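For reference, the chains in residue letters:
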Amino acid sequence: MIKKILSLIFVIIGIAAAVAAVNLSMENKNADPVLLTPPEEAKLQVVGLMDAVCSGDFTTASTYLHGQPDLGVDREASDPVGVLIWNAFCDSMSYELVGDCYGTEEGLAQNVKLSCMDITSVTSVLKDRSQTMLEKRVEEAENLDDVYDDKLQYREDFVMSVLYDAAAEAVKKDAATMTMDLTVNMIYQNETWWIIADRNLLDAISGGILY
(Lines give C-alpha, C1' and ligand atoms only; values in the text may rest on other atoms or scores of the structure.)
Protein backbone atom coordinates (compact mmCIF):
# COMPACT_ATOMS: atom_id res chain seq x y z
CA MET A 1 0.00 0.00 0.00
CA ILE A 2 2.80 2.37 0.93
CA LYS A 3 4.58 1.54 -2.34
CA LYS A 4 1.40 2.38 -4.30
CA ILE A 5 1.04 5.70 -2.47
CA LEU A 6 4.70 6.59 -3.10
CA SER A 7 4.35 5.68 -6.78
CA LEU A 8 1.27 7.87 -7.07
CA ILE A 9 3.09 10.77 -5.39
CA PHE A 10 6.03 10.44 -7.80
CA VAL A 11 3.63 10.42 -10.76
CA ILE A 12 1.90 13.56 -9.50
CA ILE A 13 5.27 15.26 -8.95
CA GLY A 14 6.34 14.28 -12.46
CA ILE A 15 3.17 15.69 -14.01
CA ALA A 16 3.48 18.91 -11.99
CA ALA A 17 7.09 19.35 -13.12
CA ALA A 18 6.14 18.79 -16.77
CA VAL A 19 3.31 21.34 -16.54
CA ALA A 20 5.62 23.85 -14.89
CA ALA A 21 8.20 23.35 -17.66
CA VAL A 22 5.57 23.91 -20.36
CA ASN A 23 4.30 27.04 -18.61
CA LEU A 24 7.83 28.37 -18.27
CA SER A 25 8.59 27.79 -21.94
CA MET A 26 5.34 29.51 -22.95
CA GLU A 27 6.06 32.51 -20.74
CA ASN A 28 9.51 32.95 -22.29
CA LYS A 29 8.72 32.06 -25.90
CA ASN A 30 9.23 35.68 -26.96
CA ALA A 31 12.33 36.22 -24.84
CA ASP A 32 15.80 36.38 -26.42
CA PRO A 33 17.85 33.18 -26.08
CA VAL A 34 20.23 33.11 -23.13
CA LEU A 35 23.79 32.01 -23.88
CA LEU A 36 25.48 29.96 -21.18
CA THR A 37 28.81 30.36 -22.97
CA PRO A 38 29.08 33.16 -25.57
CA PRO A 39 30.87 31.87 -28.74
CA GLU A 40 34.38 33.26 -28.83
CA GLU A 41 34.38 33.14 -32.64
CA ALA A 42 31.50 35.62 -32.82
CA LYS A 43 33.35 38.07 -30.59
CA LEU A 44 36.49 37.72 -32.69
CA GLN A 45 34.47 38.50 -35.82
CA VAL A 46 33.33 41.78 -34.29
CA VAL A 47 36.88 42.60 -33.19
CA GLY A 48 38.18 41.84 -36.69
CA LEU A 49 35.57 44.07 -38.31
CA MET A 50 36.13 46.99 -35.97
CA ASP A 51 39.93 46.73 -36.15
CA ALA A 52 39.74 46.84 -39.95
CA VAL A 53 37.33 49.77 -39.93
CA CYS A 54 39.44 51.77 -37.47
CA SER A 55 42.50 51.25 -39.67
CA GLY A 56 40.59 52.39 -42.76
CA ASP A 57 40.83 48.95 -44.38
CA PHE A 58 37.30 48.53 -45.71
CA THR A 59 38.29 45.74 -48.07
CA THR A 60 39.15 43.56 -45.09
CA ALA A 61 36.13 44.87 -43.19
CA SER A 62 33.89 43.57 -45.97
CA THR A 63 35.13 40.01 -45.43
CA TYR A 64 33.42 39.91 -42.03
CA LEU A 65 30.05 41.00 -43.39
CA HIS A 66 27.32 38.64 -44.54
CA GLY A 67 27.45 38.53 -48.33
CA GLN A 68 30.80 40.35 -48.30
CA PRO A 69 29.39 43.49 -49.97
CA ASP A 70 31.62 45.97 -51.77
CA LEU A 71 31.54 48.97 -49.44
CA GLY A 72 32.97 51.19 -52.16
CA VAL A 73 35.08 53.40 -49.91
CA ASP A 74 38.41 51.87 -50.93
CA ARG A 75 38.18 53.24 -54.44
CA GLU A 76 40.75 55.92 -55.25
CA ALA A 77 39.21 59.35 -54.73
CA SER A 78 39.92 62.22 -57.12
CA ASP A 79 38.97 64.95 -54.65
CA PRO A 80 41.89 65.81 -52.31
CA VAL A 81 39.51 67.59 -49.92
CA GLY A 82 37.32 64.51 -49.64
CA VAL A 83 40.39 62.35 -49.06
CA LEU A 84 41.60 64.70 -46.33
CA ILE A 85 38.29 64.61 -44.46
CA TRP A 86 37.87 60.85 -44.91
CA ASN A 87 41.37 60.12 -43.63
CA ALA A 88 40.74 62.35 -40.63
CA PHE A 89 37.53 60.44 -39.95
CA CYS A 90 39.28 57.05 -40.14
CA ASP A 91 42.16 58.24 -37.95
CA SER A 92 39.71 59.40 -35.30
CA MET A 93 37.89 56.09 -34.90
CA SER A 94 38.21 53.94 -31.81
CA TYR A 95 35.93 51.40 -30.18
CA GLU A 96 35.35 49.17 -27.20
CA LEU A 97 33.18 46.09 -26.75
CA VAL A 98 30.42 46.44 -24.18
CA GLY A 99 29.67 43.22 -22.34
CA ASP A 100 29.52 39.80 -24.01
CA CYS A 101 27.63 38.48 -27.02
CA TYR A 102 24.00 37.68 -26.35
CA GLY A 103 21.32 35.74 -28.15
CA THR A 104 18.71 37.29 -30.44
CA GLU A 105 15.91 35.87 -32.58
CA GLU A 106 18.22 35.92 -35.62
CA GLY A 107 21.43 34.78 -33.95
CA LEU A 108 23.80 36.82 -31.79
CA ALA A 109 24.53 40.44 -31.06
CA GLN A 110 27.43 42.37 -29.56
CA ASN A 111 27.17 45.90 -28.20
CA VAL A 112 29.97 48.28 -29.19
CA LYS A 113 30.79 51.84 -28.18
CA LEU A 114 32.24 53.67 -31.19
CA SER A 115 33.94 57.08 -31.09
CA CYS A 116 34.80 59.05 -34.22
CA MET A 117 34.96 62.48 -35.78
CA ASP A 118 31.62 64.05 -36.60
CA ILE A 119 32.08 64.73 -40.32
CA THR A 120 29.34 67.38 -40.33
CA SER A 121 31.27 69.40 -37.76
CA VAL A 122 33.87 69.92 -40.49
CA THR A 123 31.73 70.20 -43.61
CA SER A 124 29.26 72.62 -42.00
CA VAL A 125 31.95 75.30 -41.53
CA LEU A 126 33.92 74.61 -44.70
CA LYS A 127 32.05 77.15 -46.85
CA ASP A 128 32.65 80.05 -44.45
CA ARG A 129 36.26 79.12 -43.79
CA SER A 130 37.06 78.77 -47.48
CA GLN A 131 35.38 82.08 -48.34
CA THR A 132 37.31 83.92 -45.63
CA MET A 133 40.57 82.30 -46.66
CA LEU A 134 39.91 83.00 -50.36
CA GLU A 135 39.44 86.71 -49.75
CA LYS A 136 42.59 86.86 -47.65
CA ARG A 137 44.67 84.99 -50.23
CA VAL A 138 43.48 87.36 -53.00
CA GLU A 139 44.45 90.39 -50.94
CA GLU A 140 47.88 88.98 -50.18
CA ALA A 141 48.60 87.72 -53.71
CA GLU A 142 51.73 89.24 -55.22
CA ASN A 143 50.92 88.03 -58.71
CA LEU A 144 47.29 88.12 -59.84
CA ASP A 145 48.09 85.64 -62.60
CA ASP A 146 48.27 83.06 -59.82
CA VAL A 147 44.70 83.98 -58.86
CA TYR A 148 42.83 84.69 -62.11
CA ASP A 149 42.81 83.05 -65.53
CA ASP A 150 42.67 84.91 -68.86
CA LYS A 151 38.88 85.29 -68.44
CA LEU A 152 39.36 86.95 -65.05
CA GLN A 153 37.86 83.93 -63.32
CA TYR A 154 39.48 82.32 -60.31
CA ARG A 155 42.01 79.71 -61.38
CA GLU A 156 40.81 76.21 -60.53
CA ASP A 157 44.10 75.24 -58.92
CA PHE A 158 43.98 78.39 -56.79
CA VAL A 159 40.45 77.67 -55.58
CA MET A 160 41.22 74.01 -54.86
CA SER A 161 44.31 75.01 -52.91
CA VAL A 162 42.26 77.38 -50.78
CA LEU A 163 39.53 74.78 -50.26
CA TYR A 164 42.06 72.15 -49.22
CA ASP A 165 43.75 74.46 -46.72
CA ALA A 166 40.37 75.52 -45.35
CA ALA A 167 39.39 71.88 -44.89
CA ALA A 168 42.67 71.14 -43.11
CA GLU A 169 42.04 74.12 -40.82
CA ALA A 170 38.47 72.96 -40.14
CA VAL A 171 39.68 69.45 -39.27
CA LYS A 172 42.23 70.90 -36.86
CA LYS A 173 40.04 73.55 -35.22
CA ASP A 174 36.39 72.57 -35.67
CA ALA A 175 36.28 68.76 -35.70
CA ALA A 176 34.10 67.38 -32.92
CA THR A 177 34.13 63.82 -31.60
CA MET A 178 30.92 61.87 -31.25
CA THR A 179 30.33 58.62 -29.41
CA MET A 180 27.56 56.20 -30.31
CA ASP A 181 26.23 52.94 -28.93
CA LEU A 182 26.13 50.37 -31.69
CA THR A 183 24.57 46.90 -31.81
CA VAL A 184 26.41 44.51 -34.13
CA ASN A 185 24.05 41.69 -35.19
CA MET A 186 25.27 38.31 -36.41
CA ILE A 187 23.86 35.19 -38.03
CA TYR A 188 25.39 31.72 -38.23
CA GLN A 189 25.85 30.33 -41.73
CA ASN A 190 28.29 27.85 -43.26
CA GLU A 191 29.96 27.28 -39.88
CA THR A 192 30.78 30.99 -39.53
CA TRP A 193 29.30 33.89 -37.60
CA TRP A 194 28.62 36.61 -40.19
CA ILE A 195 27.98 40.23 -39.28
CA ILE A 196 24.82 41.71 -40.74
CA ALA A 197 25.49 44.90 -42.70
CA ASP A 198 22.39 46.76 -41.55
CA ARG A 199 21.76 50.49 -42.01
CA ASN A 200 22.85 51.47 -38.50
CA LEU A 201 26.16 49.63 -38.77
CA LEU A 202 27.02 51.03 -42.21
CA ASP A 203 26.13 54.57 -41.18
CA ALA A 204 28.30 54.31 -38.08
CA ILE A 205 31.43 52.92 -39.73
CA SER A 206 31.26 55.25 -42.72
CA GLY A 207 30.16 58.52 -41.15
CA GLY A 208 26.98 58.23 -43.17
CA ILE A 209 28.64 58.49 -46.60
CA LEU A 210 27.59 55.02 -47.80
CA TYR A 211 23.99 56.21 -48.21
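Residues numbered from 1 in each chain as written. Predicted model: local features only at pLDDT ≥ 70, side-chain atom pairs only at ≥ 80, totals over all residues. Heavy atoms only, no water.

So, on to the overall build of the chain. Looking only at helices and strands, one finds seven helices and four strands in the chain. Walking the chain from its N terminus toward its C terminus, one meets helices and strands in the order α-α-α-α-β-β-α-α-β-β-α. Per-residue burial for the chain yields a buried fraction of 29% across its 211 residues. The contacts of the chain with a sequence gap of at least 6 include a subset with a gap of at least 24, amounting to 67%. Carbon and sulfur atoms make up 54% of the accessible area of the chain, which totals about 13500 Å². (Helix = DSSP H or I, 4+ residues; strand = E, 2+ residues; numbered from the N terminus. Buried < 20%, exposed > 50% of the residue type's maximum accessible area, 1.4 Å probe, protein only. Contact = heavy atoms within 4.5 Å. Areas by Shrake-Rupley, 256 points an atom, 1.4 Å probe, with all protein chains shown as cover.)

The four strands lie next to each other as β1-β2-β3-β4, forming an open sheet whose pairing is antiparallel. Lying at the two open borders of the sheet, with one neighbouring strand each, are β1 (94-103) and β4 (192-195). Each strand of the sheet is rotated relative to its neighbour by a mean of 25°, with strand direction disregarded. Two elements, β1 and strand β2 (residues 108-118), share seven bridges in a ladder whose sense is antiparallel. Bridge pairing links Val98 to Asn111 in β2. Contacting β1, β2, β3 (176-189) and β4, helix α2 (residues 40-54) runs over the sheet at an angle of about 160° to β1. (Pairing = 2+ DSSP bridges. Axes fitted to C-alpha atoms, helices over the stretch in contact; angles between N-to-C directions.)

Let us now look at the confidence of the model for the chain. Confidence in the prediction of the chain, expressed as mean pLDDT, is 82, and 77% of residues score 70 or more. By mean pLDDT, the top-scoring element of the chain is β2 (96), and the lowest-scoring one is helix α1 (residues 2-27) (43). Every residue in residues 1-34 is under pLDDT 50, and counting partners more than four places away or in other chains gives six contacts. (pLDDT = per-residue confidence, 0-100.)

Okay, the packing of aromatic side chains next. Counted under the stated rule, the structure contains five aromatic pairs. For the ring pair Tyr188 and Trp193, a centre distance of 5.0 Å and an interplane angle of 55° mean the geometry is tilted. Of the residues examined, Tyr188 reaches a relative accessible area of 47% and is grouped as partly exposed. In this structure Trp193 comes out as buried when scored by relative accessible area, which is 13%. Taken together through their ring pairs, the aromatic side chains of Phe58, Trp86 and Phe89 make up a single cluster. (Phe/Tyr/Trp six-rings, centres within 6.5 Å; stacked < 30°, edge-to-face > 60°.)

Our next topic: the environment of Val98. Structurally, Val98 can be placed in strand β1. Exposure remark for Val98: the relative accessible area of 37% places this residue in the partly exposed category. Remark: the alpha-carbon pair of Val98 and Thr183, spanning 85 residues in sequence, is separated by 9.6 Å. In this structure Val98 touches Gln110, Asn111, Val112 and Lys113, once residues within four positions along its chain are discounted.

Time to look at the pairing of β2. Working note: regular strand, side chains alternate between the two faces of the sheet. Burial analysis of β2 places eight of its eleven residues in the buried class, the great majority of the element. Following β1, the chain reverses through four residues before pairing antiparallel with β2. Pairing between β2 and β3: eleven bridges, direction antiparallel. Bridging across to β3, Leu108 finds its partner in Met186.

Scanning all chains against the criterion turns up six salt bridges. A salt bridge links Asp181 to Lys113; its shortest N-O distance comes to 2.7 Å. Pair noted here: Asp181 is in strand β3 and Lys113 is in strand β2, with a separation of 68 residues, a long-range link. On the basis of relative accessible area, Lys113 is assigned to the partly exposed category, the value being 29%. Across the pair Arg137 and Asp165 runs a salt bridge, and its minimum N-O distance is 2.9 Å. Placement of Arg137 in helix α5 (residues 119-140) and of Asp165 in helix α6 (residues 156-173) is noted, with a sequence separation of 28 residues between them. Since its relative accessible area comes to 28%, Asp165 is described here as partly exposed. (Salt bridge = Lys/Arg side-chain N within 4 Å of Asp/Glu carboxyl O.)

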